[in-house]
Amino acid sequence: MSVVGEGVFGAPAGERPVQKPVSAAPYVATVFLSAAMVFLVQPMFAKMALPLLGGSPSVWNVSLVCFQAALLAGYAYAHLLARIPRVGVQVGVHAVLLLLAAACLPLSISGLFGQPDTTRPTLWLVATFAVSIAPPFAVISATAPLIQSWYARSGRHDAADPYHLYAASNAGSLIGLAAYPLLMEPFTRLGTQTQLWTGGYVLLAVLLIASGLVSLRGRADAPQAVAAETATPEGNIWRQRLTWLMLAAVPSGLLVAATSHISTDVAAAPFLWAPPLMAYIATFIIVFSSKPAIRHSSALRLMPYAVAAAAFMVGYPGASPFPLWLSLVGHVLALFVVALALHGELAARRPDASRLTEYYLIMSAGGVVGSAFCGLLAPVIFSSIYEYPVLLLAAILLYPAKDGWKTGLSRDRVLAGALFAFAAAAILAYAGGVQVHSKAYQVALLLLVVISIVFASRRLVPVAALAAAFVIGATALPDALISTERGFFGVVRVIDSKDADLRLMVHGTTKHGAQRLSTTGRPVPRSYYYSDAPIGQVFSAMAPDVRTVGVVGLGVGSVACYRQDSQAYTFFEIDPIVVKTAADPARFTFLSECAPEERIVLGDARITLGAEPAGGFDLLLLDAFSSDTVPAHLLTREAMALYLSRLSEDGVLVFHISNRHMDLAPVVARIGAAEGATMLVQTYDAGPPEQRLETGADSSQVVILAKSPGALARFAADPRWHALAADGQRPWTDDYTNIVGTLITSYRSRAGTH
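What you are looking at is a predicted structure, and each value in this text was computed from that prediction instead of being measured.

Peer 1: How do you make sense of the overall build of the protein when you look at a structure like this?
Peer 2: Looking only at helices and strands, the protein features 26 helices and 12 strands. Residues classed as buried in the protein amount to 58% of the 754 residues present. Put simply, 78% of the contacts in the protein that link residues at least 6 apart link residues at least 24 apart. Total accessible area on the protein stands at roughly 29,500 Å², and carbon and sulfur atoms take up 63% of it.

See below:
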């Protein structure tokens, strides 16, 4: 498409005096600020929504799909707007939409759809996003393609190739993403954050309109810098579009899949979504730079090794032999290299500037396809994080094969057929209960990964080799997998550990209770709930005085077997799969044997506890923090006030705060002191491995609180319990949390004790 030069609102350029070329500064500043704001609002929205959905990591994944969809809407709008010949009209239309979208400011969670339905949380989250965040987000997300389209009409010497502005856009994205957990969350309240974002929106609107007007000035002395579209056969155009779509979809899907795998099967530490997203964005900065820091040829050479490394870590049979940090770094690096290679292919295939907005539109559509597959479809069709290996295989299929499909195809088919036959044999052996030594599986896995590297340039063989590797990993579990179910709140597995004579419920990487396999009749609480552990001590000691008990976090229902006939228990649980699993006597019998008629309330504890009568519980257990993805909204001053208000005058509040990454005792101490509570803490050591094997107990840390010292007198006299005092630092509130600071302090403290 070629357009004759035009002035303001389409006046012929020849009627105006020639002007100097315009500066690039307004364009760079505008795309940088817009990208920073786009990635500041994403964790901000997740922080708003997390308290309503139990702090689930899936909130981030579904939010990412929503943002990708809104980004697509913004790019589609930019594509349509850029088709208007007169830049002045484009500027006017965009100004009107910026004004209309401002009606959603300052940002907040709309109450239009009421409280979330925990049986269909995804629908609630998507709908709430659409009315709360989507309008201003979609409008500002149109900035990158729109500004580049205007830049192509600016008359600058480099106007024909405006793609380098995309690197500035992604640099803003990276800074915005890093700024939230490191600067905004620790030092500002949520209300302040939304006000700052509103101010940024106003500034961005001014910059956008100014950039459009600058483009008009630049057009006065230069015809459109966009080259005429090269004639391309229709069939080739659609093949080109499909290639763009897939090269964008697979890295986007890998981002969500790798994040899900890390938070489900590696560790569920806070902010583990940030490093994968930063790595993903960094690849765009590199490939769209005028002088890429990493050559595309280098990325292509490294990609087979990256996929093979990820495959080895995912497919390794049994417990991972890799340190936590190595697994995290390995998966993030693999994502980075694969995304860098595929995005490099995407950048290398970019069209001339006349098709710029179409290119970005299809790229954005690919992002939506990939993230929607992992965030919406995969949890429905897969019982575990199988989308990760599927997308690694898809990445290999997109790898540019040097020899093509035909060279050596017969030989490749034979080798691939042998590899698939090997995988089928592994499946049959697993189904038939054949025991194969784990070392044999490990050697086979290593050989398959090596084959995938050696034949990297031939798509069929590495795909077959890696598919067989994933099958090997899935069929070599040392413990018997009884069941696995996946939902919005994670993957729940029931596993029989025959060595320990225990049946376990595992939610992601965290144990949520255990029951002896060899025990019949009334089961005995194990794991964190063992009688000698702090929770067991409290339930046993208070049994004669307690009539009503509340338990936030059901697990397998272990504490139900501390119940006496005169007591009434109420369990609060957000995950329907956990309730289904715990209530099934074929899997666990704590509820069926000890509390078959007791009440189970489904929903987030802040909401469901708020509906309970004041002073209604003599004993209230908060057991929602051992999963390592800390639901911070349950650790705020407002939450503590709610808990204490639901206790009777002599009631006791029990916080189970065992956590592999954060020391939560100071956090609880601050909010407890702010509400005037008396507090004690106990750190319990379950003993050496042989003792743990005998008792089935796990080490734990527990804080108990009460309205008055008298309620804790019996525990204060016990030397195992110690007084807990606040350290004077700022308590968390619904408007302020500092997870990053707590992580850093915890790691420093633990490092100092070793």
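Further notes follow.
Peer 1: Looking at this model, I keep getting lost on helix α7 (residues 164–187). Mind explaining?
Peer 2: At 3.6 residues per turn, the α-helix brings residues three or four places apart onto the same side. The end-to-end C-alpha separation of α7 is 34 Å, in line with the 34 Å expected for 24 residues at 1.5 Å each. At Ala179, α7 shows its maximal kink, close to 50°; a proline, Pro181, follows between one and four residues later.

Peer 1: Please explain the side chain of Thr188 as it appears in this structure.
Peer 2: Along the polypeptide, Thr188 turns up in the loop between α7 and α8 (190–218). Among the residues examined, Thr188 registers a relative accessible area of 16% and is labelled buried. Polar contacts involving the side chain of Thr188 include one to the main-chain carbonyl oxygen of Met184, which spans 2.3 Å.

Peer 1: For this particular structure, what's the right way to read unusual backbone geometry?
Peer 2: Trans peptide bonds make up most of the peptide bonds, and negative phi angles are found at most residues other than glycine. Omega for the bond connecting Leu105 with Pro106 falls within 30 degrees of zero, at -10°, which places this linkage in the cis form. Of note, Pro106 is situated in the loop between α3 (87–101) and α4 (121–132). Here the phi dihedral of Ser527 falls at roughly 55°; this positive angle occurs in a residue that is not glycine. Inspection of the secondary structure assignment puts Ser527 in the loop between β4 (510–516) and α18 (534–542).

Peer 1: How should the sheet that holds strand β5 (residues 548–552) be read in this particular structure?
Peer 2: Each strand in a sheet pairs with its neighbour through backbone hydrogen bonds, running either in the same direction (parallel) or in the opposite one (antiparallel). In space, the eight strands of this open sheet follow the order β7-β6-β5-β8-β9-β11-β10-β12, with mixed pairing throughout. Of all the strands in the sheet, the pair left with one neighbour each is β7 (599–602) and β12 (722–723). As paired elements, strand β6 (residues 568–573) and β7 share four bridges and run parallel to each other. Residue Phe572 lies in a different strand from β7, and its bridge partner there is Val601. With respect to the sheet, α18 is in contact with β5, β6, β8 (617–622), β9 (647–656), β10 (678–684) and β11 (700–706), its orientation differing from that of β8 by roughly 170°.

Peer 1: Would you take a moment to explain the environment of Ser700 for this structure?
Peer 2: Considering the arrangement of structural elements, one finds Ser700 in strand β11. The class for Ser700 is buried, based on a relative accessible area of 4%. In the structure, Ser700 is positioned 165 residues away from Ile535 in sequence and 8.9 Å away in space, judged by C-alpha atoms. Discounting chain neighbours no more than four positions away, the residues touching Ser700 are Tyr528, Ala533, Pro534, His656, Ser658, Gln682, Thr683 and Tyr684.

Peer 1: Could you clarify how one ought to interpret empty space enclosed by the protein in this entry?
Peer 2: The method is simple in principle: a probe with the dimensions of a water molecule rolls over the atoms, and the space it marks as empty is what remains. Tallying each qualifying case throughout the model produces four cavities of 30 Å³ or more. In this structure, the largest cavity occupies an estimated 430 Å³ of space. Together, 30 residues line the largest cavity, and Phe39, Leu71, Tyr75, Tyr166 and Asn170 are the ones closest to its centre. Per-element accounting of the lining of the largest cavity gives the leading share, six residues, to helix α1 (residues 25–49). Partitioning the lining of the largest cavity into residue classes produces 19 nonpolar, 11 polar and no charged.

Peer 1: Help me understand the side chain of Asp623, please; the structure alone is not making it clear to me.
Peer 2: Locating Asp623 in the fold gives a position in the loop between β8 and α22 (637–645). Buried charge without a partner: Asp623 forms no salt bridge, and the closest opposite charge is Lys511, 13 Å away. Among the polar contacts made by the side chain of Asp623, one reaches the side chain of Tyr529 at a distance of 2.4 Å. In this structure the side chain of Asp623 is engaged in a polar contact, spanning 2.6 Å, whose partner is the side chain of His656. Once residues within four sequence positions are removed from consideration, Asp623 is found in contact with Tyr529, Val552, Gly553 and His656.

Peer 1: I would appreciate a short explanation of the pairing of strand β2 (residues 490–497) in the present structure.
Peer 2: In the case of a regular strand, side chains alternate between the two sheet surfaces. Most of β2 is tucked away, with eight of its eight residues classed as buried. In the sheet, strand β1 (residues 480–487) pairs with β2 via seven bridges, with the strands oriented antiparallel. Following the sheet pairing, Ser483 is matched in β2 by Val494. Between β1 and β2, which follow one another and run antiparallel, lie two residues. Where β2 and strand β3 (residues 502–507) come together, six bridges link them in antiparallel fashion. Across the sheet, residue Ser497 finds its bridge partner in β3, namely Leu502. Linkage of β2 to β3, two consecutive antiparallel strands, is achieved through a turn of four residues, within which Asp501 is found at a positive phi near 55°.

Peer 1: What's the story with the nonpolar core in this structure? I'm lost.
Peer 2: Burial of nonpolar side chains together is a common tendency in soluble globular proteins. Formed by 127 residues in total, the largest nonpolar core has its most connected members in Leu125, Trp197, Tyr201, Phe288, Met303 and Met363. Not counting residues within four places of it along the chain, the set of residues in contact with Met303 comprises Val337, Val338, Ala341, Leu342, Ala395, Ile396 and Tyr399. In this structure, Val549, Val556, Tyr562 and Ala711 belong to the second largest nonpolar core, which totals 41 residues.

Peer 1: What is the right way to look at a nonpolar patch on the surface in this model?
Peer 2: The grouping of Trp325, Leu326, Val329 and Leu333 at the surface amounts to a nonpolar patch, some 390 Å² of accessible area in total. According to the relative accessible area criterion, Val329 is partly exposed, its value standing at 38%.

Peer 1: Would you mind going over the pattern of salt bridges with me for this structure?
Peer 2: Any two side chains of opposite charge can pair if their charged atoms end up close together. Using the criterion set out here, one finds 20 salt bridges in the structure. Linking Asp496 and Arg503 is a salt bridge whose minimum nitrogen-to-oxygen distance equals 2.6 Å. Accessibility assignment for this pair places Asp496 and Arg503 in one class, buried.

Peer 1: Sorry if this is basic, but what is going on with the packing of aromatic side chains here?
Peer 2: Any aromatic ring pair is given by two values, namely how distant the centres are and how the planes are angled relative to each other. Scanning all chains against the criterion turns up 21 aromatic pairs. An angle of 80° between the planes, with centres 4.8 Å apart, marks the rings of Phe67 and Phe129 as edge-to-face. You can see Phe67 sitting in helix α2 (residues 58–82) and its partner Phe129 sitting in helix α4, a full 62 residues away along the chain. We classify Phe67 as buried; its relative accessible area is 3%. When the ring of Phe284 is compared with that of Phe288, the centres are 6.4 Å apart and the planes differ by 20°; the resulting orientation is stacked. Judged by its relative accessible area of 6%, Phe284 is buried. Overall, Phe288 belongs to the buried group, its relative accessible area being 3%.

Definitions and limits used
Residues numbered from 1 in each chain as written. Predicted model: local features only at pLDDT ≥ 70, side-chain atom pairs only at ≥ 80, totals over all residues. Heavy atoms only, no water. Helix = DSSP H or I, 4+ residues; strand = E, 2+ residues; numbered from the N terminus. Buried < 20%, exposed > 50% of the residue type's maximum accessible area, 1.4 Å probe, protein only. Contact = heavy atoms within 4.5 Å. Areas by Shrake-Rupley, 256 points an atom, 1.4 Å probe, with all protein chains shown as cover. Expected span 1.5 Å × (residues − 1). Bend = angle between axes of the 7 residues up to and from the residue. Polar contact = N/O pair within 3.5 Å; in protein donor to acceptor, adjacent residues only side chain to side chain. Pairing = 2+ DSSP bridges. Axes fitted to C-alpha atoms, helices over the stretch in contact; angles between N-to-C directions. 1 Å grid on protein atoms, 1.4 Å probe; cavity = no way out; pocket = protein on both sides within 12 Å on 5 of 7 lines; lining within 4 Å. Points joined across faces, edges and corners; volume = space filled by probe spheres on them. Nonpolar A, V, L, I, M, F, W, Y, C, P; charged D, E, K, R; others polar. Lys, Arg positive; Asp, Glu negative; His and termini not counted. Salt bridge = Lys/Arg side-chain N within 4 Å of Asp/Glu carboxyl O. Core = buried A, V, L, I, M, F, W, Y, C linked by side-chain atoms within 4.5 Å. Patch = residues over 30% accessible without salt bridge, like charges linked within 9 Å, V, L, I, M, F, W, Y side chains within 5 Å. Phe/Tyr/Trp six-rings, centres within 6.5 Å; stacked < 30°, edge-to-face > 60°.

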